[in-house]
Amino acid sequence: MTTPVLNLEKVRKTFGSEVVLEDITFTVPVHTATVFIGASGSGKSTLLRCINLLDQIDDGQILLDGEDISSADVNPDEVRKKLGMVFQSFNLFPHMTVLENVILAPTKVQGIAKEVAVEEALQLLKKFGLKDKADQYPDRLSGGQQQRVAIIRSLARHPRLLLLDEVTSALDPVLVNEVLSTVRDLKSEGMTMVLATHEMGFAKQVADEVCYLHNGRILEWGTSGEILENPTRPETKEFLRRVHDAGRL
Amino acid sequence: MKKLLKVIPLLVAALVLSACSSSDENSATSESTTCSPESLATVEAGTLTIATGEPAYYPWVIDDKPESGEGFEAAVAYAVAQELGYDNAAVKWVRTSFDAAIAPGPKTFDFNLQQYSITDERKQVVDFSSPYYKSNQAIVSFKGSKIEGVTTLQGLADAGAKLGAAVSTTSLDVIETQLGLKASVFNDNAAAVTALKNKQIDGLVVDLPTAFYLSAVEVPNGIIVGQIDGSDAGDQGFGLLLSKDNPITSCVTKAVDAIRDNGTLQAIIDQWLTSSAGAPVLK
Amino acid sequence: MSNKSGRGSYEGATPYDFGGPWSPSEIELARRQARKKRNQRSALVAALSSFLVLGTFVIVVVTSPGWETLRNTFFKWAYGFEILPKIILGFGTNAMLTVIAGTSVAIIGLAIALLRTSRSPALTPFRFLATVYVDVFRGIPMLLVILLVGFGIPALQIKGLTNNVLILGTLAVIITYSAYVAEVIRSGILTVHPSQRAAARSLGLSHFQTLRHVVLPQALKRVTPPLLNDLVALIKDTGLVSILGVTDAVRAAQIQTAKTFNYTPYVMAAIIFLLVTIPLTRWTDRMLRNSLEKQNAQGQA
């Protein structure tokens, strides 16, 4: 069996006296997508931030390709070269054009020559149908386009693992689909992903595994069919019922 | 039509304003025929309000206490008051800055004395009594400055002297016009003295008696480089300063003339002011 | 007129007939007429009221008894232009001071702001000192600082330390203004959304690169209006060093006024300052508007 891309063992995270994540254990094999669902405040965003080393865990271990990235002597910048992360909003840098946003990391961090970086960036943008926006400033793009560019920008680093933190939660429902379609394309190309989301559509169409997070614990996990249609735990049922009533299922 | 109606109150207001701003009749100023506390139109009836600087320096006032009557100008003030018929208890002292008093406008005092030189420009905006003292301007410096030992006016320029004076003084005029040098200009003498003590200027131009005081007492290792020859030529002397067209000016002038004529003034000069023999004359 | 209650739908064929020939109805025409009339009336009232108010004001001022004196005392133009060269010479000092102080303040202010927003443990004592510095120099009137630095320090007669009033005065201005500018820049840095920093770090940018490419460009753009405000204030405050014996535009005007007791020199000095500050403020307004337009096109997708 090949080493999974991501492995979390009994991860715990507190903010002061408040326990935000408890006993988090899961595995993400290569070329798969794991989707975390749960109410706001259940710890989804914190989980992704911990994986990206933006927050420090209080117990447990995080392994990336078998290496312990949660150890004290790890350089976060080195780790982040292998990870890509997209946030709910304020991803793109508003004072730079789309193209400049995408080539920033390759040129400044990886030291790639500007012409080469521009070439690659334009290829990526073209692939996802956004090449004509290359010289626009982010505010001229719709929310959905902005998030897609944010995803593309993180791809420019060719990461091992992509973390998507509620990337459609700030979007107009009409725009959610274009982002979903981009994520689907990524999946079909074999990108390994962990997503935190409210959108059950993501869970249904993209997830290899769905985990229900409740008050910081993974209460249930399984395939999307299993969890979404046949949840066993009452909390999961309650959550899904509420989501259904809100018209998002 | 409604909107036009709203404009009318504005018109009315404007008319009212212009009516209110018509001037009062100026009463003709009449000269006092007698000079006594009962008839003099002082700022405060029955009291003579005299002003001087803040602080008031030696030898003009001792210990900054003009009420004591100690110091050349304090003594002159009380002598004039007495001549006018005010006893010491009827004299009140106030302080003003140097340039505030020369500026046109009503005054809070009857007369002001702080080494005000009588000049024609100033006479256009204030009144002066006849002069009570005349002196040259002199340069105060410190041992080891670049103008120590200079004996001529040209020598000052050659040494590249940085001279200071307070704004609106005749000392400043002397530097700019008579010496033709660029001056460091300060708000008042106190600031200029600070700069001199700090050696930020090479010399300070003040009247001779003040120069004696500063060089002997205020400035460490102070020296007088010399008196500026001819600086009293255009100088009409120090006068008591009064508001323009003040009805009591003639009485005050008469008082100054009286104490000059009867020797009181000379006695005061002898008591409080050193002879000018100690300072060389720069030509 | 169709009945719009109950259920219904558009009967026409697709593609929809938008943009076809249309001319305004009678109702619309009547409305336009009424609006035009109302606008004309408003304009007339505005003109009349302005004319009356301003006209009355001017008449009141010009016919008041003090006007002649006022005009001679403050607005004696012939005299004003005669002494103008002296004031312009003095203004040269203000200008030079502004340039030197302005540049230094920008650099020092930025450094202190970065220091205060850093999180490195090694910089802790400096961070503390920076906070003390900012509190102290925003709390003391600049006049006091100028006196302390310009007169107080030379009084100590420390060997090797300059006692030149111009240098010390400039230093005092720099020390004071850097404190203000540091706080302005710091507030700009703090308003950049934390997700921006997170996004930059997630892309692999180091702390310094994040600062340089993501945080500072946005922060500085945001605080450009208050910074330019400070620049205008600086131009005016440079005059305070005249206390130390430096002749600037204000002092030059004061010297002239003291000779003649006519206040026109002050008015000339004021005009010179305005000639510099007004274009500066209008230019900064325009610059700000342009940069905002470029960045904040309202959802044109």
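Remember, it's a predicted structure, so these values are computed and weren't measured experimentally. (Residues numbered from 1 in each chain as written. Chains lettered and ligands numbered in written order. Predicted model: local features only at pLDDT ≥ 70, side-chain atom pairs only at ≥ 80, totals over all residues. Heavy atoms only, no water.)

A.B. asks: How should the overall build of chain B be read in this particular structure?
C.D. replies: When helices and strands are tallied, chain B shows 10 helices and 11 strands. Within the span of chain B, comprising 283 residues, buried residues form 53% of the whole. Long-range contacts, defined here as pairs at least 24 residues apart, represent 73% of the contacts in chain B between residues at least 6 apart. Of the roughly 12900 Å² that chain B leaves accessible, carbon and sulfur atoms contribute 52%. (Helix = DSSP H or I, 4+ residues; strand = E, 2+ residues; numbered from the N terminus. Buried < 20%, exposed > 50% of the residue type's maximum accessible area, 1.4 Å probe, protein only. Contact = heavy atoms within 4.5 Å. Areas by Shrake-Rupley, 256 points an atom, 1.4 Å probe, with all protein chains shown as cover.)

A.B. asks: Any chance you could explain the environment of Ala 81 of chain B here in plain terms?
C.D. replies: Residue and element names in this part refer to chain B. On the secondary structure map, Ala 81 appears in helix α2 (residues 72–84). Taking the C-alpha atoms as reference points, Ala 81 and Glu 176, 95 residues apart in sequence, are found 37 Å from one another. Setting aside its immediate chain neighbours within four residues, Ala 81 contacts Leu 48, Tyr 86 and Val 91.

A.B. asks: Hey, could you run me through a positive patch on the surface in this one?
C.D. replies: Residues and elements named next belong to chain C. On the surface, Arg 35, Lys 37, Arg 38 and Arg 41 cluster together into a positively charged patch. Along the chain, Arg 35 falls in helix α1 (residues 26–63). Arg 35 gets classed as partly exposed once you look at its relative accessible area, which sits at 41%. (Patch = residues over 30% accessible without salt bridge, like charges linked within 9 Å, V, L, I, M, F, W, Y side chains within 5 Å. Salt bridge = Lys/Arg side-chain N within 4 Å of Asp/Glu carboxyl O. Lys, Arg positive; Asp, Glu negative; His and termini not counted. Charge placed at Lys NZ, Arg CZ, Asp CG, Glu CD.)

A.B. asks: Hey, could you run me through the sheet that holds strand β9 (residues 222–228) of chain B in this one?
C.D. replies: Strands pair in a sheet through their backbones, by hydrogen bonds, and they do so in one of two ways: parallel or antiparallel. All names here are of chain B. Strands sit in the order β7-β6-β8-β5-β9-β11 across an open sheet of six strands; the sheet is mixed. The outermost strands of the open sheet, each flanked by one partner alone, are β7 (183–186) and β11 (281–282). Bridge count between strand β6 (residues 163–166) and strand β8 (residues 203–207): two bridges; the pairing is parallel. Paired with Gly 164 across the strands is Leu 204, a residue of β8. (Pairing = 2+ DSSP bridges.)

A.B. asks: Explanation requested: the packing of helix α4 (residues 124–139) of chain C against helix α6 (residues 165–190) of chain C in the structure shown.
C.D. replies: For any two helices packed against each other, one specifies the crossing angle of their axes together with the interaxial distance. Residue and element names in this part refer to chain C. The contact between α4 and α6 brings their axes to 8 Å, and the two run at 115°. Relative to α6, the crossing made by α4 is left-handed. Residues Tyr 133, Val 134, Phe 137 and Arg 138 of α4 form the contact with α6, whose participating residues are Ile 174, Ile 175, Thr 176, Ser 178, Ala 179, Tyr 180, Ala 182 and Glu 183. (Axes fitted to C-alpha atoms, helices over the stretch in contact; angles between N-to-C directions. Left-handed = near helix turned anticlockwise from the far one by under 90°.)

A.B. asks: Would you mind showing me how to read a nonpolar patch on the surface here?
C.D. replies: Residue and element names in this part refer to chain C. Residues Leu 70, Phe 74, Phe 75, Trp 77, Phe 81, Ile 271, Leu 275 and Val 276 make up a contiguous nonpolar surface patch of about 720 Å² in total accessible area. Elements that contribute at least two residues to the nonpolar patch include exactly α2 (67–74), α3 (77–117) and α11 (264–295). If you tally residues by element for the nonpolar patch, the top one is α11, at three residues. When you line up the elements, Val 276 lands in helix α11.

A.B. asks: I'm lost on the interface of chain A and chain C in this one. Help?
C.D. replies: One frequent convention defines the size of an interface as the accessible area lost when the parts assemble. Counting residues at the interface gives 29 residues for chain A and 25 residues for chain C. Counting the surface lost from both chain A and chain C, the interface buries some 2400 Å², and carbon and sulfur atoms represent 59% of this. Three residues stand out in chain A for area buried against chain C, namely Phe 90, His 95 and Arg 140 of chain A, and they jointly supply 25% of the buried area on that side. Taken together, the links from chain A to chain C amount to seven residue pairs in polar contact (both at pLDDT 80 or more). (Buried area = accessible area lost by both parts, 1.4 Å probe. Polar contact = N/O pair within 3.5 Å; in protein donor to acceptor, adjacent residues only side chain to side chain.)

A.B. asks: Is there a simple way to think about the environment of Asp 110 of chain B in this case?
C.D. replies: Residue and element names in this part refer to chain B. When you line up the elements, Asp 110 lands in the loop between α3 (98–102) and β3 (111–112). Residue Asp 110 is classed as buried on the basis of its relative accessible area, which comes to 1%. In sequence terms Asp 110 and Val 252 are 142 residues apart; their C-alpha atoms lie 9.6 Å from each other. Not counting residues within four places of it along the chain, the set of residues in contact with Asp 110 comprises Thr 42, Val 43, Thr 47, Leu 48, Thr 49, Leu 241, Leu 242, Asn 246 and Ile 248.

A.B. asks: In this structure, what is going on with unusual backbone geometry? I would like to understand it.
C.D. replies: The phi angle of most residues is negative, glycine excepted, and most peptide bonds adopt the trans form. Residue and element names in this part refer to chain B. Look at the link from Glu 54 to Pro 55: it is a cis peptide, with omega at 0°. Take Pro 55: it is sitting in the loop between β1 (48–52) and α2. One non-glycine residue, Asn 221, lies in the positive phi region at around 55°. As for its placement among the helices and strands, Asn 221 is situated in the loop between α8 (208–218) and β9. The exposure class of Asn 221 is exposed, given its relative accessible area of 52%.

A.B. asks: What is the right way to read the interface of chain C and chain B from this model?
C.D. replies: The partner chain B presents 33 residues to the 30 residues of chain C that form the contact. Summed over both partners, the interface of chain C with chain B buries about 2500 Å², with 64% contributed by carbon and sulfur atoms. A per-residue breakdown of the area chain C buries against chain B is headed by Phe 151, Lys 259 and Phe 261 of chain C, which together make up 23% of the total. Summed over the shared surface of chain C and chain B, the number is one salt bridge.

A.B. asks: Looking at this structure, how should I read the nonpolar core?
C.D. replies: Formed by 54 residues in total, the largest nonpolar core has its most connected members in Val 140, Phe 186, Leu 196, Leu 204 and Leu 214 of chain B together with Ile 146 and Val 173 of chain C. If one sorts the elements of this core by residue count, α6 of chain C sits on top with 11 residues. Apart from residues lying up to four places away in sequence, Ile 146 of chain C is in contact with Phe 151, Ala 172, Val 173, Leu 240, Val 241 and Leu 244 of chain C. Counting residues in each nonpolar core, the second largest holds 49 residues, with Val 35, Ile 37, Val 176 and Ala 207 of chain A among its members. (Core = buried A, V, L, I, M, F, W, Y, C linked by side-chain atoms within 4.5 Å.)

A.B. asks: Help me out: how do you make sense of the state of the cysteines in this one?
C.D. replies: Where two cysteines share a covalent bond between their sulfur atoms, that bond is called a disulfide. Scanning the entire structure with this criterion turns up one disulfide over all chains. What pairs with Cys 35 of chain B in a disulfide is Cys 251 of chain B, and their sulfur atoms sit 1.9 Å apart. For the disulfide bridge between Cys 35 of chain B and Cys 251 of chain B, the dihedral angle about the S-S bond is near -80°, and by the sign convention the bridge is left-handed. Taken together, the residues span a long stretch of sequence, with Cys 35 of chain B in the loop between α1 (2–20) and β1 and Cys 251 of chain B in helix α9 (residues 249–261) at a distance of 216 residues. The exposure class assigned to Cys 251 of chain B is buried, which follows from its relative accessible area of 1%. The structure places no disulfide on Cys 50 of chain A, whose sulfur is separated from the nearest cysteine sulfur, that of Cys 211 of chain A, by 16 Å. Take Cys 50 of chain A: its relative accessible area is 1%, and that puts it in the buried class. (Disulfide = S-S within 2.5 Å.)

A.B. asks: Can you help me understand helix α10 (residues 249–260) of chain C in this one?
C.D. replies: At 3.6 residues per turn, the α-helix brings residues three or four places apart onto the same side. All names here are of chain C. Taking 1.5 Å per residue, 12 residues should reach 16 Å; α10 reaches 17 Å between its end C-alpha atoms and fits that length. Within α10, nine of the 12 residues are buried, leaving the element largely enclosed by the surrounding structure. All of the buried residues in α10 are Ala 249, Arg 251, Ala 252, Ala 253, Gln 254, Ile 255, Gln 256, Thr 257 and Ala 258. At the exit of α10 stands Phe 261, carrying a positive phi of roughly 60°. (Expected span 1.5 Å × (residues − 1).)

A.B. asks: Mind showing me how you'd approach the sheet that holds strand β6 (residues 83–86) of chain A here?
C.D. replies: Residues and elements named next belong to chain A. With mixed pairing, six strands are arranged side by side in an open sheet as β6-β7-β8-β3-β9-β10. Here the strands that pair on one side only, and so sit at the sheet edges, are β6 and β10 (217–222). Each adjacent strand pair in this sheet contributes to an overall mean axis angle of 15°, direction not counted. Pairing analysis gives four bridges linking strand β3 (residues 33–37) to strand β8 (residues 192–196), with the strands arranged parallel. Counted as the bridge partner of Thr 34 is Val 194 from β8.

A.B. asks: It is not clear to me how the packing of helix α5 (residues 142–155) of chain C against α6 of chain C should be interpreted in this structure. Could you clarify?
C.D. replies: All names here are of chain C. Look at α5 against α6: their axes get within 9 Å of each other, and the N-to-C directions meet at 140°. Considering their axes alone, α5 and α6 lie oblique with respect to each other. Note that α5 runs across α6; the crossing there is right-handed. Residues Met 142, Val 145, Ile 146, Val 149, Gly 150 and Pro 154 of α5 lie in contact with α6, whose contacting residues are Leu 168, Ala 172, Val 173, Thr 176 and Tyr 177. Classifying every residue of the contact of α5 with α6 by side-chain character gives nine nonpolar, two polar and no charged. (Parallel < 35°, antiparallel > 145°, perpendicular 65-115°, else oblique. Nonpolar A, V, L, I, M, F, W, Y, C, P; charged D, E, K, R; others polar.)

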